[in-house]
Amino acid sequence: MMNHRKDNFRECDPTWLRMPQHWGESALIGNGYIGASIYSDTNEARSPDGRPISNNALRWQIGRIDATAQGDTTGYLEPRVPIGDFLLEPGSLIVWEDFRMRLDLFQAEARGEMPTKEGCVQFRSIVHATRDLLIIDLDCDAGAAEQMIRFHPQEAISPWFYFKSETDAAKIPKPLSLELDESDEIALSIQKFPTGGQQVVAWKQVTLKEGTIRLFASVAVDRGDGSAVDTARQAVAAGCAADWELLLREHRDWWSQHYSRSRLRLPDTLINSFYQNQIYKMGAATRAEAPVLDILGPWMTHTPWPGVWWNLNVQFIYSPFYVSNHCDLAESLPRTLIKNIDNLKENVPEGFRGSALAIGRASTFDCKAFTEIGWEIGNLTYVCHNLWRHYRSTMDHGFLQDTLWPLLVGSVDFYLGLIEKGEDGKLHLPLSHSPEYGGHLALQSHDSNYDLALLKWACRTLIDLSQEFEFEDSKLSQWEEVIHSLTAFPVDERGLKVGADLSFATGHRHFCHLMAGYPLFVLDLEDSKDRELYEKSLKNWLDLEGVATGFTYTYAASAYAYLGKGDDALRCINLVIRHFIEPNTMYRERGPVLETPLHLADAIHDLVLQSARGWIDVFAAVPSTWKELEFENLRAEGGFLVSARLHQGKPVYLKIQSEASKICRVRCPFTNAVFKIQGEIVEPKPLSNGIFEIDLEQATLLEIFEESQMATSLPSEFPGQAHLSNYFGSDKPWRFYSMPSVESLEHS
């Protein structure tokens, strides 16, 4: 078993060798509700007259995931809004080139030192894992003791305002008064909204000894009941009164538990570091009871994406939580949907409502996003695929009955109200928009492959669940008719079309016309005909010039992995990390976004563990250059925890722990395999293509070994690339040049 000592993370910690100068270089800390981005204050934080607040400060830019522009948005989403900044301003000039900072991933703590002309300020900071508290510790040399840390409130006007037309910007709610009260020992910043709601920042500085200061701060939001002031003030008071060692222990225990859920070690130092940073960000970005993760997470900055986007982004954001064994954190998605199921009903056009559910392109956390006929009609079904992965990973029957089933049935009901039988006797879908093909032209097509694939997958899933659990539903015959009579996927000489009326002839970053392959597997990639169609379509998509972005290649990496092309997948992964990812491992597309780096983590999972097609497949797409690899407790569909080791390019062991009584199907990676259940040798049932079937009771351990390697002694350390340790942060070899093709990376 692998240990989870802090030392395992040290080479992955982002480090800074100078002041971080923009948000993409910032250190990110958070607890799923409150987030802080730590960087210098030279460009973005400005006074009302447009001047920089300070050219000599380190900035903690504060965000809260549910801080939105409360008011009547006239059909628009209620966008996220800024809160403000804590500014560390020393009494003398900062020596920027001597600044140092490290983000300790294991302890979720930013630490650093900020030299000035008169002395040095040492700092460390956390957003407490289980309390709504930002804590900043400062220890100052005598010469720098005149430093100060102060709060600068930002008016709660959404940055969306600056990206919209004058007409559209006028629809974004504006805040009312902004009050700053520093007369009490706990200071307050209160931003009020026309609805009666408010967002409140409370903080208190405690002097521990001469030159040593500890700041406690909290942020709270209410929707009109006036509770935010007391909530924020009480959080700060409780933090100040608590034993410091207790606060640290609570925080570190949570993070230790977070990392103990699973472990993956890769031989590529850069990719391994990137992956561990994503596991950290998952823990910093959400909690089970928090609102659904939006594009920014709990952090805030200037962005055109201050909300939740439902046509790809949410799905990608949550994708790595399942295999990495963090389904508990992923609860924030289904809980948000169920909480707002009445709004999902209201999103359906009036003539089609009944029991149908839908969601449009973008919303805030209330899921209010009206769906127009002829536009994106399948987004909720796409989200339900994430819920399916959640269920299949945990095999939680209560989750199936109370969450997945009603949402999936409701999303299919919307489709059933739209399909019509054509003269060919087949069922057809009306005009719709395949997400975002054609850009501002908003091109439409009948029988879009996006919607056909989602509808076929959803009906097949509902039928299978009905048969397995004997669910009774009056719509069963309609689902079966869809499977038997829905029109075939529109194709041409290029492969899969956008839809019946629209060939994929212009390059575009979205992959929605390809979803019948990965991730839905309506096309059987084990079947030569389906595989040929999918490979042709994938190649056409990547070959065409267009607006390819980071998530274009994260999708391609997963697609190549499921085609068994690990080297091609690795080229895509390297392309994203080296050409699209920012120094703090975020991604920027006009503004910072979470979905691309998090989905890239899931693409890395696809190299080492696959289970979406009904069987467990380890090392199915490991690149030819990766000779050492180890993982523990990655989660496979069926409720299985999987551990495995690759040594000198060969699999050594495979362990599968069953958390539910379930038949386990596994593709055996060994030539002469020995199968053991609870230490006793067993004979599995052979199927086809190297797949075996074993009946595993709950809490049963299956071990599979290569007979000749059962007693092999394995080294604990992997060879790595030392010069790539601590690669992320600032002042690293970030290179900016035109985006190369995937093929050009073969020799990079």
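Residues numbered from 1 in each chain as written. Predicted model: local features only at pLDDT ≥ 70, side-chain atom pairs only at ≥ 80, totals over all residues. Heavy atoms only, no water.

## A closer look at the pairing of strand E7 (residues 109-116)
For the record, the criterion: We call a residue buried when its accessible area falls under 20% of the maximum for its residue type, exposed when it is over 50%, and partly exposed in between, using a 1.4 Å probe and counting protein chains only. Note on conventions: DSSP H or I runs of at least 4 residues are helices, E runs of at least 2 residues are strands, and numbering of each starts at the N terminus. At least two bridges found by DSSP between two strands is the condition for calling them paired.
Within E7, six of the eight residues are buried, leaving the element largely enclosed by the surrounding structure. When strand E6 (residues 100-104) meets E7, the two strands line up antiparallel, connected through five bridges. Looking across to E7, one finds that Arg 102 is bridged to Arg 111. Here E7 runs beside strand E8 (residues 119-127); their pairing, made up of seven bridges, is antiparallel. Counterpart to Arg 111 in the pairing with E8 is Arg 124.

## Digging into the environment of Ala 129
For clarity, the cut-off: Any two residues whose heavy atoms approach within 4.5 Å at even a single point are treated as in contact.
Tracing the backbone through its elements, the reader meets Ala 129 in the loop between E8 and strand E9 (134-140). Separated by 154 residues in the primary sequence, Ala 129 and Gly 283 have C-alpha atoms spaced 8.7 Å apart. When near neighbours in sequence (up to four residues on either side) are disregarded, Ala 129 contacts Asn 31, His 251, Trp 254, Trp 255 and Arg 287.

## Some thoughts on the packing of aromatic side chains
Selection criterion: Working definition: a ring pair exists when centres of Phe, Tyr or Trp rings (six-membered ring for Trp) sit within 6.5 Å. Plane angles under 30 degrees give stacked, over 60 give edge-to-face, the rest tilted.
As enumerated under the stated definition, the model contains 32 aromatic pairs in all. Between Trp 60 and Phe 123, the aromatic rings sit 5.8 Å apart at their centres with planes inclined by 85°, giving edge-to-face as the arrangement. With Trp 60 in strand E4 (residues 58-64) and Phe 123 in strand E8, this pair connects stretches of sequence that are 63 residues apart. Under the relative-accessibility criterion, Trp 60 is labelled buried at 0%. Judged by its relative accessible area of 4%, Phe 123 falls in the buried class. Taken together, a centroid distance of 5.5 Å and an interplanar angle of 90° make the contact between Trp 541 and Tyr 555 edge-to-face.

## Some words on the sheet that holds strand E35 (residues 729-730)
Convention followed: To obtain an axis, a line is fitted to C-alpha atoms, over the contacting stretch when the element is a helix, and the angle between two such axes runs from 0 to 180 degrees between their N-to-C directions.
On the basis of which strands lie adjacent, the open sheet formed by 10 strands has the order E11-E12-E13-E14-E9-E8-E7-E6-E1-E35 and mixed pairing. At either margin of the open sheet sits one strand with a lone partner, and together these are strand E11 (178-181) and E35. Pairing geometry for strand E1 (residues 15-16) and E6, over two bridges, is antiparallel. Across the sheet, Thr 15 pairs through a bridge with Arg 102, a residue of E6. With respect to the sheet, helix H4 (residues 244-260) is in contact with E7, E8, E9 and strand E14 (212-222), its orientation differing from that of E8 by roughly 60°.

## Observations regarding helix H12 (residues 476-485)
The cut-off we apply is this: Note: the arc covers the axis-to-C-beta directions of the helix.
Considered for burial, the residues of H12 that qualify are Trp 479, Val 482 and Ser 485. Buried residues along H12 cover an arc of 150° about the axis, so they all sit on one side. Those residues of H12 hidden inside the fold are in contact with helix H10 (397-416), strand E19 (427-428) and helix H11 (449-469).

## So, unusual backbone geometry
Glycine aside, negative phi is the norm for most residues, and most peptide bonds take the trans geometry. Of the consecutive residues Tyr 518 and Pro 519, the connecting peptide bond is found in the cis state with omega at 10°. Mapped onto the elements, Pro 519 comes out in the loop between strand E21 (495-496) and helix H13 (528-543). Look at Cys 367: it is not a glycine, yet its phi comes out positive at around 65°. Mapped onto the elements of the fold, Cys 367 is located in the loop between strand E17 (362-363) and helix H9 (379-394). Although it is not a glycine, Thr 585 sits at a positive phi angle of roughly 70°. Mapped onto the elements, Thr 585 comes out in the loop between helix H15 (566-579) and strand E22 (587-588).

## Remarks on the confidence of the model for the protein chain
Worth spelling out the cut-off: What pLDDT expresses is the predictor's confidence in each residue, scored from 0 to 100.
Mean pLDDT over the protein chain stands at 90; residues scoring 70 or higher make up 91%. A low-confidence stretch, residues 734-748 (pLDDT under 50), is modelled with 25 contacts involving residues beyond four sequence positions or located in other chains.

## Things to note about the pattern of salt bridges
So the rule is basically this: One side-chain nitrogen of Lys or Arg within 4 Å of one carboxyl oxygen of Asp or Glu is enough to make a salt bridge.
Enumeration over the complete set of coordinates arrives at 44 salt bridges. Put simply, Glu 535 and Lys 565 hold a salt bridge, and the shortest N to O gap is 2.9 Å. Highlighted residues: Glu 535 in helix H13 and Lys 565 in the loop between helix H14 (550-562) and H15, separated in sequence by 30 residues. Here Arg 645 makes a salt bridge to Glu 628, at a shortest N to O gap of 3.1 Å.

## Things to note about the side chain of Lys 456
Using the following cut-off: Here the positive residues are Lys and Arg and the negative ones are Asp and Glu; neither His nor the chain ends is included. Under this definition, polar contacts are N or O atom pairs within 3.5 Å; protein pairs additionally need one hydrogen-donor-capable and one acceptor-capable atom, and for neighbouring residues in sequence, both atoms have to be side-chain atoms.
Here Lys 456 lies in helix H11. Of the side chains bearing the opposite charge, Asp 530 lies closest to the buried Lys 456, which forms no salt bridge; the N-O distance is 9.5 Å. Looking at Lys 456, its side chain comes within polar contact range of the main-chain oxygen of Thr 487, at 3.5 Å. In contact with Lys 456, not counting residues within four places along its chain, are Ile 483, Leu 486, Thr 487, Ala 488, Phe 489 and Val 522.

## Description of the pairing of strand E5 (residues 84-89)
Summarising burial for E5: six of the six residues are buried, a large majority. Burial along E5 is two-sided: the face carrying Gly 84, Phe 86 and Leu 88 and the face carrying Asp 85, Leu 87 and Glu 89 are both buried. Across five bridges, E4 lies against E5 in antiparallel orientation. Looking across to E5, one finds that Leu 58 is bridged to Leu 88.

## Details of H4
Applicable threshold: Multiply 1.5 Å by the residue count of a helix minus one, and that product is the helix's expected span.
Compared with an ideal rise of 1.5 Å per residue, which puts 17 residues at 24 Å, H4 spans 24 Å between its outermost C-alpha atoms and is within 8% of the ideal. Buried residues of H4: Trp 244, Leu 247, Leu 248, His 251, Trp 255, His 258 and Tyr 259, and no others. Projected down its long axis, H4 carries its buried residues within an arc of 95°, all on one side. At the N-terminal boundary of H4, the capping side chain belongs to Asp 243, with an oxygen 3.2 Å from the backbone nitrogen of Glu 245.

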